[in-house]
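Analysis of the macromolecular model
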Amino acid sequence: MSKSMSVGYKLTFVFVALYAVIFLLSMQSTGFLWLLLLLVPFHILGIYNVTQKRHSILRNYPVLGYLRYFFESFRPELRQYFFESDLDGRPFNRRQRSLVYQRAKNVKQTVAFGMQMNSQEIGYEWIAHTMFPVKITGHDLRVPIGGTECRQPYESSLLNISAMSYGSLSKTAVRSLNAGAAIGHFAHNNGEGGISPYHLEEGGDLIWQVGTGYFGCRDKDGFFEEQSFIENATRPQVKMIEIKLSQGAKPGHGGILPAAKNTPEIAAIRRVAPHTTVASPPGHTAFYDHFSMLLFIRRLRMLSGGKPVGIKLCIGNKEEFSELCFEMHKNNIFPDFICIDGAEGGTGAAPLEFSDSLGMPLYDALTFAHNTLQRYKIREEVKIIAAGKIITGVDIIKAIALGADVCYSARGMMFALGCIQALQCDSGKCPVGIATQEKNLYQAVDPTDKKQRVANFHRNTLKSTVEVMEACGFKTLKDITPDKIFRRTGPGRTQSFNELYFSQENPINLDQFIKN
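We now turn to the structure provided with this report.

Basis of the calculations
Residues numbered from 1 in each chain as written. Predicted model: local features only at pLDDT ≥ 70, side-chain atom pairs only at ≥ 80, totals over all residues. Heavy atoms only, no water. Helix = DSSP H or I, 4+ residues; strand = E, 2+ residues; numbered from the N terminus. Buried < 20%, exposed > 50% of the residue type's maximum accessible area, 1.4 Å probe, protein only. Lys, Arg positive; Asp, Glu negative; His and termini not counted. Charge placed at Lys NZ, Arg CZ, Asp CG, Glu CD. 1 Å grid on protein atoms, 1.4 Å probe; cavity = no way out; pocket = protein on both sides within 12 Å on 5 of 7 lines; lining within 4 Å. Points joined across faces, edges and corners; volume = space filled by probe spheres on them. Nonpolar A, V, L, I, M, F, W, Y, C, P; charged D, E, K, R; others polar. Expected span 1.5 Å × (residues − 1). Arc of directions from axis to C-beta. Contact = heavy atoms within 4.5 Å. Phe/Tyr/Trp six-rings, centres within 6.5 Å; stacked < 30°, edge-to-face > 60°.

Counting its secondary structure elements, the protein contains 20 helices and 15 strands. Across its three principal axes, the protein shows a C-alpha extent of roughly 95 × 60 × 50 Å. Here the protein, with 516 residues, has 49% of them falling under the buried criterion. Seen as two clouds, the 57 positive and the 47 negative side-chain charges of the protein have centres 6 Å apart.

Laid out in C-alpha cells, this is it:
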C-alpha cells in the first residue's frame, strides 16, 4: 500500500507541475489551454493505473509503463527486418525463406561469394558427390502409391502439399494451392477440416484427410458417417484418403480452429456451430486399437472404390508402432501409405508444451518406421510419406535416404503464396491474407498470380532435387542411400546417416507381441 501511495504522490506532483506550466503559458496565449485536452486524459489514465491491481508495471509506472507494451508489439518485426542475419530466424531462417520466394517467382536462385554456414560447426551436414555425374532423363519423379488391395493406385509426385484446412487457411489461399497443384500435377492434402468448394473449383488432385472430428463424414453427434464419406471419397478429384492419428506440432492434442476463423460457411462445411472454437478430439471414435484401425482402413478402401488409404501420425511410443506393424504382418492388412510427421512440423495453433516437447523428430521417426516395416518384411506393402520442414531439394534427398518414398511441404507452399513468417497464424490477423478469414486481408491473395508461384516452387524444387542427384551419381530415387550423407558430430569427427540412424537400431523381438 505504501508503494502504491508513493507512486500516487509522484504522479500527483508531476501532473500538478504540468498544469502549472500550462497555466503560466496560457497567460501569454490562451491557445496553450488546448494542451489540457492531451494532459487530462493522461492524468485520468494515470489515476486508474495507480489503483488497478492487474498489471504491476502499470501500477508502478502509470503512464510510461505503456512504452513496454508499445515496443513489445513490434519486437518480432524489428528482429526480423533489422537484426536477424541470413542464418538466424525460426522455424525458417531468412536464407531458406528467400530461396522459396525466388523459386516461386522464378527469378535468380543463386548465391554469391560462397558458403555462409560454418562447416566446422557440430551439426553441419553435407552429401558426398561423385567424380562422374550422371544424367537423369525426365524430372517428373513419380511414385506409385497403392498396395495389393488397392484398385485405384495413385501416381504421386515426389513433393506434394501437406495438410492445411480451409478455416486455418483462407479461401483464396486454398484456391491458389489447389490451382498450383493442378498446373504442376501434384497432390493437395486438404487437411482435416473437410472438403470445401475451394478445394474443388480448380481441379487439382486431392488427398482427403479424415481427422478425429470426421469433418466431411460425420453425423450430427460427431461420429463417423458412412454415406457422407462415400459421397466425398468417390469424387474423381479425391485420389487418396489419409486418416490422421496425430500431427507433429501437437501429437495427442487434436486440431484447433479458433472462433475468429470459424465463419458460418466453414461451420456448415464442418457441421459445427459457427463462431465457436472447434477442437478435434485427441483420439478417434471409429476404432479403438491397432486391429480395429486396420479393419477401418480396409473398410474405407472398400467404400472409396479401392483408392489408397493410409494413416498420418507423429511417432511417440516406439512399442505402439512396432505392435501396429506386427498386427499388419499377422492379419495381412496394410495401409497403402504411412505419413510420418516430425515433431518439428508446423501448425496454425498449438499449446507450447505440445509444440516444443512432444513427439519424435522426423529423421529419427523416418528411420525407425522404415526399419520396423523392414523387420516385419512388410516394407514393400507400405509407402512412407515424410513431413516436417521440407522445402529444398537437399531436404527431399535426406528424407529419401532415411526411408521416405514421398515428401510433403506445408510451410514451403505457404512461403510460395507470400507468407512472411509473421507468426500470427492463430490470431486470425495474418498480414498477407493466408491464415485468416477476414475479407479485407485474404482478398490480397490473388489466385491467378499465386497459383503459378506454387507451381513454380514445386517445379524448381524438383529440378534442384534432380540436379543434386545427378551431381551425386544417383540415377534413381532408390540409389539415394544414407551412407552418402554426413553430419559433423564433434571436433574432427563426422558420421554418415547410415552410422547415425541405422547401425544402432535394436532388432525388435516379434515374440513379445505374439505372447501378448
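What follows continues from the structure just given.
Let us now look at empty space enclosed by the protein. The full count for this structure, using the stated rule, is 3 cavities of 30 Å³ or more. In this structure, the second largest cavity encloses a volume near 80 Å³. Lining the second largest cavity, in full, are M414, C419, I420, Q421, A422, L423, Q424, C425, C430, P431, V432 and I434. Class assignment of the residues belonging to the lining of the second largest cavity gives a composition of 10 nonpolar, 2 polar and no charged.

Turning our attention to helix α2 (residues 36-51). Compared with the 22 Å implied by 1.5 Å per residue over 16 residues, the 23 Å span of α2 between its first and last C-alpha is a close match. Here α2 has its buried residues at L39, H43, G46, N49 and V50. Buried residues of α2 fall within an arc of 130 degrees about the axis and therefore sit on the same side. Residues L37, I44, Y48 and T51 are exposed on α2 and point more than 90 degrees away from its buried face.

Moving on: the side chain of T212. Inspection of the secondary structure assignment puts T212 in the loop between β6 (205-210) and α9 (226-233). When near neighbours in sequence (up to four residues on either side) are disregarded, T212 contacts E192, K244, S280, P281, P282, G283 and H284.

Now for the packing of aromatic side chains. A full pass over the atoms with the stated rule returns 15 aromatic pairs. Centroid distance F70 to F71: 5.3 Å. Interplanar angle 65 degrees. Geometry classified as edge-to-face. Taking relative accessible area as the criterion, F71 reaches 46% and is therefore assigned partly exposed. Between the aromatic rings of F287 and F296, the centroid separation amounts to 5.5 Å while the plane-to-plane angle is 45 degrees, which identifies the pairing as tilted. Pair check on accessibility: F287 and F296 agree, each one buried.

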